[in-house]
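The chain contents come next:
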Amino acid sequence: MIDFRTVRQYNFPTTIRFGANAIEELPQHLLNVGFRRPLLVSDGTVVQLDFFRNIQTSLAAKKISVEVFSDIHKNPVKSDVLKGKASFSETERDCIIAIGGGAAMDVARAIALSIHHNRDLFDYDDLIGGDKYITGRVPYFITVPTTSGTGSEVGRSAIIAEDDTHKKRILFSPKLLAKIVFADPMLTMDLPPFITAATGMDALTHNMEAFIAKDFHPLCEGIALEGMAIISQSIVAAVNKPDLESRSKMMIASLMGAVAFQKGLGVVHSLAHPLSALLDTHHGLANAVNLPYGMRFNRSGLEASFKKMAVAMNLKDDQDEGLIKFLFSLNEQTGLPVKLRGIGVKPEHIETLAELAENDFCHLNNPKPVSREDFKRLYLEAL
Ligand SMILES: NC(=O)c1ccc[n+]([C@@H]2O[C@H](COP(=O)([O-])OP(=O)(O)OC[C@H]3O[C@@H](n4cnc5c(N)ncnc54)[C@H](O)[C@@H]3O)[C@@H](O)[C@H]2O)c1
Ligand SMILES: [Fe+2]
C-alpha cells in the first residue's frame, strides 16, 4: 500500500551534451566557464587510447594546461583518491574532468569531494550519515563516460573501497553531481566485446532493479522501462557488431539506468558487490551472472511488473519465465558466463559471500525481503 501522505523528493540530473563528437566541445566549454588547469582523472588503459590523446591535444591547442592522474585500481580504493588529491594540489589545478569508466569517474568524484573537505574520506560515508558534512565547496566537475554501464557520469555517489578490507564505502551527495556531462558514443566505438557486454548488463540491471525497487517513484519507473527497452534492442549488436546506433543507444540507456536507480537497487547488486570485494570481479560481470537468478527470486508476486518489463523488451509477455530465459540468453549471446563457477567462485566462498551480501545496503530496496539463507540459496543456484 502506497502512503500518499509521505513527502518524497525526486531529483533529476544535470546538463548533458549527448551525441557523436560531443567531446569536441570540451575545450571551448572550459574557456567559457573560465577554467584552464584541469586535472584529467582516468585509468591506466584509457590514457593510452587514441581518443584520450586527442582530447589532450585539443585542450593544449586552446592553451589549456593539462595534468593527468590515472594511477587507480580496477575496484578503486581510498589511497587512489588521496594520490589524486595530492596531484590536484601539487600541480595547482582549478577543476576536475573524469574521462573513463565507472572506476575513473568514481575516483574523480571522490577527489572532487576531498579537495575542500578535510575530514577522513570515509567520515563522509553516506551509510553513517556522512553526507551531512558535504558542502557545495567542490571544484568544477565534468564527466566524460567511456563505457556504457554504471551511468556514474550522472551519479551523485562514488563507490570507494577500504584499502585493507576491500569493503566498499559510499560517498554520496547531490553536490557531487557533475556540472556538465559530455556523453560521446564515439569514445566507446572500440570498447572490447567483453567490457561492452559486462558494462551493458550492469546498465540493464540498474534499469530492472530500479523498476521493481520498493517505493513509489513513477518518474524513475518510466525512465527504467524505456532504458531496458533500448538496451534489449542494442546490447547484442553493440557487443557483436557495434555501430554508432548501438553504441549511442547503450550510452543513453546506461545513463538512464543511473537516473532510474535514484529509486533504489536490489538483490542482484547485493549478490554482486561481495564478488568484487572477495574476488575482484568486475562489477558489471558480477551483476550479469546474478541477474537471471535474482530476477527469478523476485518474480512471484510481481507478475504485473514482470509483464510490463517483458513487454518493454518486446518479449510480448512473461509467460513460462520468458523474461528470465531472455536474461540467460543475453548472457550467452554476449559471451558472458551464466554460472558463478565461470568467474572463479567455489563452494567454500558461499558462506562469506552470503554474509557480505546480507550486510550490503542495496537489498533493503528490493521488493521482497532477502535473508542470509536466501542469499546462500541464490549463490548455490548460480554456482
Ligand atoms: N557511482 C555509481 O553510481 C556506480 C554504479 C555502479 C558501479 N560503480 C563503480 O564503477 C566501477 C565499474 O565501472 P565500469 O563498469 O565502467 O568499469 P571500469 O571503469 O573498470 O572499466 C572497465 C575496463 O574498460 C576499460 N575501458 C574504459 N573505457 C574504454 C574504452 N573506451 N575503450 C577501451 N577500454 C576502455 C578500462 O580501462 C577498464 O579496464 C566499479 O568500481 C563500480 O563500483 C559506480
Ligand atoms: Fe551497478
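Here we summarise the structure given alongside this text. Counting restarts for each chain: residues are numbered from 1 in the order of the written sequence. Chains and ligands are labelled by the order in which they are written, letters from A for the one and numbers from 1 for the other. The predicted nature of this model means local features are confined to residues of pLDDT at least 70 and side-chain atom pairs, given and counted, to a pLDDT of 80 or more, with totals for whole chains, interfaces and linings taken over all residues. Side-chain numbers here rest on the full set of heavy atoms in the structure, without hydrogens or water.

Looking at the iron ion (ligand 2), the protein donor atoms are Asp202 (OD), His206 (NE2), His269 (NE2) and His283 (NE2), and they sit 2.1 to 2.2 Å from it. Listed donors are limited to N, O and S atoms within 2.8 Å of the metal, widened to 3.2 Å for Na, K and Ca; water is not among them, so incomplete-looking sites are possible. In short, tetrahedral needs four donors with all angles between 85 and 135 degrees, square planar needs four and octahedral six donors with opposite donors over 155 degrees apart and all other angles between 65 and 115, and whatever is left is irregular. Between the four donor atoms coordinating the iron ion (ligand 2), the angles at the centre fall across 85 to 165 degrees, so the site counts as irregular. Between consecutive donor residues of the iron ion (ligand 2), the sequence gaps follow D-x3-H-x62-H-x13-H. Here His206 and Asp202 lie together in helix α5 (residues 193-212), a separation of four residues that amounts to about one turn. Note on accessibility: Asp202 and His206 belong to one class, buried. Elements are defined by DSSP. Helices are runs of H or I of four residues or more, strands are runs of E of two residues or more, and each kind is numbered from the N terminus. For every residue, the accessible area obtained with a 1.4 Å probe (protein chains only) is divided by the maximum for its type, and the residue is called buried under 20%, exposed over 50%, and partly exposed between those limits.

On to the site of ligand 1, then. Here a residue is considered near a molecule or strand provided that any single heavy atom belonging to it is located within 4 Å of it. The full set close to ligand 1 counts 27 residues, and Gly102, Asp106, Thr146, Thr147 and His282 are the nearest of them. Here a nitrogen atom of ligand 1 and a backbone polar atom of Ser157 are 3.1 Å apart. Polar contacts here mean pairs of N or O atoms no more than 3.5 Å apart (in protein, one a potential hydrogen donor and the other a potential acceptor; neighbouring residues in sequence count only if both atoms are side-chain atoms). For ligand 1, an oxygen atom lies 2.8 Å from a polar atom in the side chain of His282. Note on areas: Shrake-Rupley, 1.4 Å probe, and residue coverage restricted to the protein chains presented here. Compared with its free state, where it exposes 870 Å², ligand 1 has 91% of that area covered by protein. At the level of elements, α4 (102-116), β6 (157-161) and α5 are the ones that each hand at least two residues to the shell around ligand 1.

Here we take up the nonpolar core. Nonpolar cores are built from buried Ala, Val, Leu, Ile, Met, Phe, Trp, Tyr and Cys residues. Side-chain atoms within 4.5 Å join them into one set. Among the nonpolar cores identified, the biggest contains 57 residues, and Leu204, Met208, Met295, Met309, Leu340 and Tyr379 are the most heavily contacted of them. A per-element tally of this core places α5 first, with nine residues. Any pair of residues with heavy atoms lying within 4.5 Å of one another is described as a contacting pair. Residues within four places of Tyr379 in sequence aside, it is in contact with Ser270, Leu271, Pro274, Leu340, Ile350, Leu353, Ala354 and Ala357. Counting residues in hydrophobic clusters, the runner-up holds 35 residues, among them Tyr124, Val138, Ala158 and Val259.

Across the sheet, which stays open at both edges, the six strands sit in the order β1-β8-β5-β4-β2-β3 with parallel pairing between neighbours. Every other strand in the sheet has two partners, leaving β1 (15-18) and β3 (67-69) as the edge strands with one partner each. Strand-to-strand twist across the sheet, computed as the mean angle between neighbouring axes with direction ignored, equals 20 degrees. Those strands touched by helix α3 (residues 78-90) are β2 (38-41), β3 and β4 (95-100), and its axis lies near 170 degrees from that of β3. On the sheet, helix α7 (residues 244-260) packs against β1, β5 (140-145) and β8 (180-183) and is oriented at approximately 170 degrees with respect to β1. A pair of strands is treated as paired once DSSP finds two or more bridges between them. Axis angles are defined between N-to-C directions and span 0 to 180 degrees, where every axis is a line fitted to C-alpha atoms and, for a helix, only to the segment in contact.

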